[in-house]
Structure formats: structure tokens, C-alpha cells
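Breakdown of the fold
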Amino acid sequence: MKRLFVYGSLKSNGSAHHLLKGAKRDSDGIVDGFIEIQHRGYPMLQRGNGAISGEVYWVPEPCWPALDDWEEVPEVYQRSSVTLRDGRSAWLYEAAPRIN
């Protein structure tokens, strides 16, 4: 399993949280170096000088293809490895280069 930092529709109260079925919630976290923008009505992160709070999950391997499909990787979002403020490493979905 790998960690995933979520900040929008994948959060516990979000419309796509069902895609994390089987994932185990870890303690919440903060990622530095990003700002939140809106794209087609959804929150999206892009590199910037901000800090974003979110939920962190341990995601089983079978979940990743559906998550990538939901996030329209690589056309709309890309999955990136980041280090959270507390030192944990996690994946997150950020704006694909063409969105910037």
C-alpha cells in the first residue's frame, strides 16, 4: 500500500470517496508548495507558495487504476510524489502540465 494525500472529491465527505474502499485513513496532513485552483468545478492543486491541508490514506494497489481513471491521468491530473510537512511521503493528484 502507498499513501495518498486527498484534498477534494476523494475526501471522506466527497463525491468520489467510494473509490477509496479498502483504504485505511492515516492522520491528516499538510503539503507545502501548492495552491488550490478550480478546474471544471473541481479543486485542483498546482505548484505555488501555499500550504494545503488534506486527508491521508493508505491505498491498496487494486484501487490505483480506478483513482487514475477518475482523475483523468495524465490528461487532466498527474500523480506526484510529495513530502508532507511532517516528513511522511505520499502521492497526490496535481494539475497536469497542460492545465498550468
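So, here is what we can say about the structure in this document. It should be emphasised that the depicted structure is a prediction, and the values quoted were computed from it without experimental measurement. Per chain, the residues get numbers from 1 upward, laid out in the order the sequence is written. Restriction of local features to residues with pLDDT of at least 70 applies here, the model being predicted, together with a cutoff of 80 or more for giving and counting side-chain atom pairs; totals for whole chains, interfaces and linings are based on all residues. Here the side-chain values reflect all heavy atoms present in the structure, with hydrogen atoms and water set aside.

Strands here mean DSSP runs of E at least two residues long; helices mean DSSP runs of H or I at least four residues long; both are numbered from the N terminus. Looking only at helices and strands, the protein has 1 helix and 5 strands in total. Across the protein, helices and strands are ordered from the amino to the carboxyl terminus as β-β-β-α-β-β. Atoms counted for the radius of gyration: C-alpha only. Globule rule: 2.2 Å times the number of residues to the power 0.38. Against the globule reference of 13 Å for 100 residues, the protein gives a C-alpha radius of gyration of 12 Å, in line with a compact fold. Projected onto its principal axes, the C-alpha coordinates of the protein cover approximately 30 × 30 × 20 Å. The proportion of buried residues among the 100 residues of the protein is 44%. The contacts of the protein with a sequence gap of at least 6 include a subset with a gap of at least 24, amounting to 60%. For the protein, the accessible surface area stands at approximately 5,300 Å², while carbon and sulfur atoms represent 51% of it. The centroid of the 12 positive side-chain charges in the protein is displaced by 3 Å from the centroid of its 13 negative side-chain charges. With a 1.4 Å probe rolled over the protein chains alone, any residue whose accessible area is under 20% of its type maximum counts as buried; one over 50% counts as exposed, and the rest are partly exposed. We call two residues in contact whenever any of their non-hydrogen atoms come within 4.5 Å of each other. The method behind every accessible area is Shrake-Rupley, applied with a 1.4 Å probe, and residues are considered shielded solely by the protein chains displayed. Within this scheme the basic residues Lys and Arg register as positive and the acidic residues Asp and Glu register as negative, but His and the chain ends are omitted. Charge positions are represented by NZ for Lys, CZ for Arg, CG for Asp and CD for Glu.

Turning our eyes to something else, we now look at the pattern of salt bridges. Salt bridge criterion: a side-chain nitrogen from Lys or Arg within 4 Å of a carboxyl oxygen from Asp or Glu. This model, assessed by the stated rule, comprises 10 salt bridges. We note a salt bridge from Arg 79 to Asp 68, for which the minimum N-O separation is 2.7 Å. Pair noted here: Arg 79 is in strand β4 (residues 77–83) and Asp 68 is in helix α1 (residues 64–70), with a separation of 11 residues, a long-range link. A relative accessible area of 23% places Arg 79 in the partly exposed class. Among the residues examined, Asp 68 registers a relative accessible area of 17% and is labelled buried. The residue Arg 88 makes a salt bridge to Asp 86 at a minimum N-O spacing of 2.9 Å. Among the charged side chains, a network of salt bridges with common partners joins Arg 3, Asp 26, Asp 86 and Arg 88.

Here the focus is unusual backbone geometry. Cis peptide bonds are those with omega within 30 degrees of zero, and the linkage from Val 73 to Pro 74 qualifies with 5°. The backbone phi angle of Arg 40 is positive, close to 55°, even though this residue is not glycine. Looking at the secondary structure, you find Arg 40 in the loop between β2 (24–39) and β3 (42–59). Overall, Arg 40 belongs to the exposed group, its relative accessible area being 54%. The phi angle at Glu 72 is positive, at roughly 55°, despite the residue not being glycine. Residue placement: Glu 72 occurs in the loop between α1 and β4.

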